[in-house]
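Chain by chain, the residues:
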Amino acid sequence: MTVSHAPPSAIPAPLEKHSAPTPTPPELEAVVPASVRRSRLRAAPRWVRRAVGPLLLLVLWQVFSATGELDPDVLASPGTIARAAADLMADGTLPAAMGVSLQRVVVGLLLGGVIGTSLALVSGLSRLGEDLVDATVQMLRTVPWVGLIPLFIIWLGIGEAPKVALIALGVAFHLYLNVYAGIRGVDAQLIEAGTSLGLGRWGLVRHVVLPGALPGAMTGLRYSLATAWLALVFGESINADAGIGFLMNQAREFFRTDVIVVCLVVYALLGLTADVIVRILERLLLQWRPTFTGQ
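Keep in mind that this is a model prediction, so the values were computed, not measured.

### A closer look at the overall build of the protein chain
Here is step 1: Regarding its fold elements, the protein chain presents 11 helices and 0 strands.
Here is step 2: Listed N to C, the secondary structure of the protein chain is α-α-α-α-α-α-α-α-α-α-α in terms of helices and strands.
Here is step 3: Buried residues in the protein chain amount to 30% of all 295 residues.
Here is step 4: Counting contacts in the protein chain only where the partners sit at least 6 residues apart, residues at least 24 apart contribute 71% of the total.
Here is step 5: Summed over all atoms, the accessible surface of the protein chain reaches about 19800 Å², with 67% contributed by carbon and sulfur.

Put into structure tokens, the structure is as follows:
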């Protein structure tokens, strides 16, 4: 049997494997969550973001003053006001006035705080106390306390007493309302739990009622500080011979709008400083209370 061999040229060459070109993957864009985008916008410190509004207002004010749109006799420019403030600081007039006004506010705040808090405790902790105190306080609260200035002058003269009394009156009403509401707003289940744990009346007041009323008291303190500065403005118009209000009255007589604005800015800064102090106290005293702080 013969086997025929095909010539080498007739033998088919093995097939070569050709790999297909690898497609280039499309470029993917990173998806940034909305929360991350918002966090980038919030990367600046809070004090910078809070200063944007006042700085923008200041720039617009300066532009209107420089272009003549704002008459300097109506309202002085920021540059003029800054120079007036520097002069008042240099000769010691402004620091002395601030010291007198601060003393009036502190004395009035302490006096009104003691009176308002004491009345709120009597009225809030006892039904008998509520019957004896609350109706009288609510009646007096509806009387415009600024309208009592003439009576204060007749009763107390024109010295420091009517100014301090006016501040104390405004502070007392705010603290009374908020402390009273805080006491009566304590959850009744907490009272029952404290009673079941063996707490007596004063134990409940100390460990349950007063801590529960503390948020309301801090809110009342913030309102009281704002009212104290407002009462100071009216009080220092009563024949004052020192203080920020005295500077404003002098500036009004000589049409010094720059000095008037300086005094108003000082009032605002002192009020803002007091509010910041109360906020710090809230964070220290109310650490146990979880609150919503914004998103």
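### Remarks on unusual backbone geometry
Here is step 1: Unlike most non-glycine residues, F255 shows phi in positive territory, near 55°.
Here is step 2: Within the secondary structure layout, F255 lies in the loop between α10 (244-253) and α11 (257-285).
Here is step 3: F255 gets classed as exposed once you look at its relative accessible area, which sits at 72%.

### Structural notes on the packing of helix α5 (residues 127-141) against helix α7 (residues 160-184)
Here is step 1: With their axes 11 Å apart at the nearest point, α5 and α7 run at an angle of 145° to one another. Of the two possible hands of crossing, α5 and α7 adopt the one that is left-handed. Two secondary-structure elements touch here, α5 through R127, E130, V133, D134, V137, Q138, L140 and R141 and α7 through F173, Y176, L177, Y180 and R184.
Here is step 2: Across the contact of α5 with α7, the residue classes tally to 7 nonpolar, 1 polar and 5 charged.

### What to know about a positive patch on the surface
Here is step 1: A cluster of basic residues, R46, R49, R50 and R283, forms a positive patch at the surface.
Here is step 2: It is helix α2 (residues 46-66) that contributes the most residues to the positive patch, 3 residues altogether.
Here is step 3: By secondary structure assignment, the location of R46 is in helix α2.
Here is step 4: Note on R46: relative accessible area 58%, which makes it exposed.

Cut-offs and rules
Residues numbered from 1 in each chain as written. Predicted model: local features only at pLDDT ≥ 70, side-chain atom pairs only at ≥ 80, totals over all residues. Heavy atoms only, no water. Helix = DSSP H or I, 4+ residues; strand = E, 2+ residues; numbered from the N terminus. Buried < 20%, exposed > 50% of the residue type's maximum accessible area, 1.4 Å probe, protein only. Contact = heavy atoms within 4.5 Å. Areas by Shrake-Rupley, 256 points an atom, 1.4 Å probe, with all protein chains shown as cover. Axes fitted to C-alpha atoms, helices over the stretch in contact; angles between N-to-C directions. Left-handed = near helix turned anticlockwise from the far one by under 90°. Nonpolar A, V, L, I, M, F, W, Y, C, P; charged D, E, K, R; others polar. Patch = residues over 30% accessible without salt bridge, like charges linked within 9 Å, V, L, I, M, F, W, Y side chains within 5 Å. Salt bridge = Lys/Arg side-chain N within 4 Å of Asp/Glu carboxyl O. Lys, Arg positive; Asp, Glu negative; His and termini not counted. Charge placed at Lys NZ, Arg CZ, Asp CG, Glu CD.

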